[in-house]
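# Geometric and topological summary
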Amino acid sequence: MGNEDRALFIESIAEMRELKGELREFKIHVTERFQRLEKNEGQKHKDSFTIAALLISAGMLALNFISRFR
């Protein structure tokens, strides 16, 4: 193996290591983004249940007032 071949080989390995680091950073970024999206989705479901509970409570309160005045 000549000097040029070794230089190309070393350069290729360095580029592969750089790409590996970039892929690792990309993986971390994507994983964090998915976690945020899942958290937001969970919060939406929680908000929906809260709104439903408030509507039911308001309806029961209204029925309670109506039944008192009869």
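Refer to the preceding data block for the structure.
## A word on the overall build of the protein chain
Of the regular secondary structure elements, the protein chain holds 1 helix and 0 strands. By principal-axis analysis of the C-alpha atoms, the protein chain measures approximately 100 × 10 × 5 Å. For the protein chain, with 70 residues in total, the buried portion stands at 0%. Put simply, the protein chain shows about 7100 Å² of open surface, and 62% of that area lies on carbon and sulfur atoms. The distance from the centre of the 12 positive side-chain charges to the centre of the 11 negative ones in the protein chain is 18 Å.

## Some words on a positive patch on the surface
Residues Arg-17, Lys-20, Arg-24 and Lys-27 make up a contiguous surface patch of positive charge. Using a relative accessible area of 58% as the deciding quantity, one classes Lys-27 as exposed.

## Quick look at the environment of His-45
Positionally, His-45 belongs in helix α1 (residues 3-68). On a C-alpha basis, the gap between His-45 and Arg-6 in space is 58 Å, while along the polypeptide they are 39 residues apart.

Thresholds, definitions, all that
Along each chain, numbering runs from 1 in the same order as the chain's sequence is written. At least 70 in pLDDT is required for a residue's local features to be given in this predicted model, at least 80 for side-chain atom pairs to be given and counted, and no such filter applies to totals for whole chains, interfaces and linings, which use all residues. Think of the side-chain values as coming from all heavy atoms in the structure, minus any hydrogens and water. Numbering goes from the N terminus for both helices and strands, where a helix is a DSSP run of H or I of at least four residues and a strand is a run of E of at least two. When accessible area is computed with a 1.4 Å probe and restricted to protein chains, residues below 20% of their type maximum are described as buried, those above 50% as exposed, and intermediate ones as partly exposed. All accessible-area figures derive from a Shrake-Rupley calculation using a 1.4 Å probe, and residue coverage is judged against the displayed protein chains alone. Charge counting treats Lys and Arg as positive and Asp and Glu as negative, with His and both chain ends excluded. We put the charge of a Lys on NZ, of an Arg on CZ, of an Asp on CG and of a Glu on CD. Residues with no salt bridge and a relative accessible area higher than 30% make up the patches, which join like charges within 9 Å and nonpolar side chains (Val, Leu, Ile, Met, Phe, Trp, Tyr) within 5 Å. The working definition used for a salt bridge is a side-chain nitrogen of Lys or Arg within 4 Å of a carboxyl oxygen of Asp or Glu.

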